[in-house]
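This is what each chain is made of:
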Amino acid sequence: MDQFLRKHFAFLTTFWNKFLPHRVSNSCPLEFWEPVDGSLHPTLDPDPEEPAFSLFGVLYDFTARSADELSVNRGEKLCVLKEEGGYVLARRLSGDPVMGYVPANYISKLSQEPSAQQPWYISGISRTTANHLLLSPPNRHGSFLIRDSESNRGEYSLSVRNHTKVRHFRIYKEPGGSFYLEKGHMFPNLEQLLAYYTANWNVIHSPLLHPCIQKRPTETDQWERPRSEFQLWRKMGEGCFGEVWEGTWKNTVPVAIKIMKQADMRDDFAKEIQNLKCLKHTRLIKLLAICSVGEPVYIVTELMRKGNLHSYLNSAAGKELTTHHFLSISCQVADGMTYLEEQHVVHRDLAARNILVGEDLACKIADFGLARLLKDDVYSTTGNAMIPVKWTAPEAAIYQTYSPKSDVWSYGIFLYEVFTYGQCPYEGLTNQETIQQITRGYRLPRPNSCPAEVYGVMLECWKSHPEDRPPFHSLREMLFCIYKWGHYPFS
Ligand code: ATP
């Protein structure tokens, strides 16, 4: 049990070290789902012949957008520790040895070839692609590149744009390893060969002015997949944006596929996709791929076989759940919300219907359609967008002022749903009546089977002043203590 707790609640390490000094027991009343770290993207797993950590070079500058990402500059060297959903966890080898996530297509494995990291060397492209690249903006007269020769393995070609034409020169390689364009003019490496022809460009009648610029891959590239790779098997649900299907990727990997209903919702979809791409946490639904070329647009995520928590709580299996299970669900969701709070992202639609359930009661937060990155601490809207009033904090429902603390209010309602097996909050009241009652100080009553400590947590979440509500990391700890010891020692 202790081992299990240490593993699944690693954020409480200090706590464990104090209260559970290395005792291990086999009893585990509740199994959590173990995330399977399989990826559908090209693998970066190290070759068994090579050292465990692979060396990579950075191809493009990348600026971190969140605390767990790593800003890197072109030419830097990285040691890659693991690959995860189109990103790699990498450690910088120069400067501060910091670690973080970098998009996998922003780096390439370092080759033994001395030229592999040079700005003018582009490996694996054909003569036709070289033509296309050099003739496309931002390249111009004098742009040049060195590529692998198509016809002579192990040799190279120099391609140079001369006004509107591209000229190609074969670079010969001597058995001793030196290079030359014309017999008699040998160079020990490609750098020196280029230096000579840059200075003496009239020999080849083509000035070497600028190394070829390759377009930076767009964010979409790493996720975009052809629609034909996905098979739809069973419709699982439907939301405002479209239908969600259980399916497979290349007939093997089980996935959930969200299909956009109308083309005019592309913007909302794009927002949801953007949020899914940037946010990575075990308790958040994981994006696997998107199909956005043509219609209809697909968002492909990991499959959570038990569907949404609200329906699950109302199902026969849900009715078997006990307080202990409810506490496990509550801790998992508080863990995911702590991450969102740290990322300054406010979900705005936290509710049991937006939590997905997998095997072993693993819960993940989904539906980032409404989520916003907070530039300031509080997000305010002026529009009259549809909002889930009974889940929304009064300041957000009345003044459209959203903050992590308005998510905390919703979390209190979520707890109520969980401990009532999915009952609708404020049953019998309209949205308007609910707001009136709340502003007069009314709060939902304690559900029958809900421990007093948990109801105490709900009431904390529903404090009128947002600043009086606890942050998610405190909620996580309070609930975890109740889960573990049946009470929390903070009051
Ligand atoms: P909205 O349109 O506002 O997003 P919603 O949350 O009800 O509303 P969807 O996210 O489209 O809509 O999901 C609809 C339903 O499909 C969910 O309630 C859930 O039952 C099911 N579902 C969605 N994603 C998954 C998934 N990854 N795995 C399993 N079931 C899913």
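This is a predicted model, so every value here is computed, not measured. (Residues numbered from 1 in each chain as written. Predicted model: local features only at pLDDT ≥ 70, side-chain atom pairs only at ≥ 80, totals over all residues.)

Draft legend 1. Molecular detail of helix α3 (residues 127-135). Taken residue by residue, α3 has Ala130, Leu133 and Leu134 as its buried positions. Buried residues of α3, seen end-on, are gathered within an arc of 90 degrees and therefore sit on one face of the element. (Buried ≥ 20, exposed ≤ 12 C-beta atoms within 10 Å, placed from the backbone. Helix = DSSP H or I, 4+ residues; strand = E, 2+ residues; numbered from the N terminus. Arc of directions from axis to C-beta.)

Draft legend 2. Quick look at the site of the ligand. Residues in close proximity to the ligand total 21 residues, the closest being Gly237, Gly239, Cys240, Val244 and Ala256. For the shell around the ligand, the secondary structure elements donating two or more residues are β12 (230-238) and β14 (253-260). Here the shell around the ligand gets 3 residues from one element, more than from any other, and that element is β12. For the shell around the ligand, the per-class residue count stands at 10 nonpolar, 7 polar and 4 charged. When residues of the shell around the ligand are sorted by domain, at least three fall in each of domain 3 (227-302) and domain 4 (310-485). (Near = placed C-beta within 6 Å. Nonpolar A, V, L, I, M, F, W, Y, C, P; charged D, E, K, R; others polar. Domains from an automatic or database assignment.)

Draft legend 3. Molecular detail of the confidence of the model for the chain. This prediction gives the chain a mean pLDDT of 80; 78% of its residues lie at or above 70. Averaged pLDDT values over the elements of the chain bottom out at 44 in helix α2 (residues 13-19) and peak at 98 in helix α6 (residues 309-314). Across residues 373-380, where pLDDT falls below 50, the model places 16 contacts with residues more than four positions away in sequence or in other chains. (pLDDT = per-residue confidence, 0-100. Contact = placed C-beta atoms within 7 Å.)

Draft legend 4. Structural context of the packing of helix α12 (residues 452-461) against helix α13 (residues 472-485). Contact geometry of α12 with α13 gives a least axis separation of 10 Å together with a crossing angle of 170 degrees. Our classification of the angle between α12 and α13 gives roughly antiparallel. For the pair formed by α12 and α13, the contact residues are Glu453, Val454 and Val457 on the first element and Leu475, Met478, Leu479 and Ile482 on the second. Partitioning the contact of α12 with α13 into residue classes produces 6 nonpolar, no polar and 1 charged. (Axes fitted to C-alpha atoms, helices over the stretch in contact; angles between N-to-C directions. Parallel < 35°, antiparallel > 145°, perpendicular 65-115°, else oblique.)

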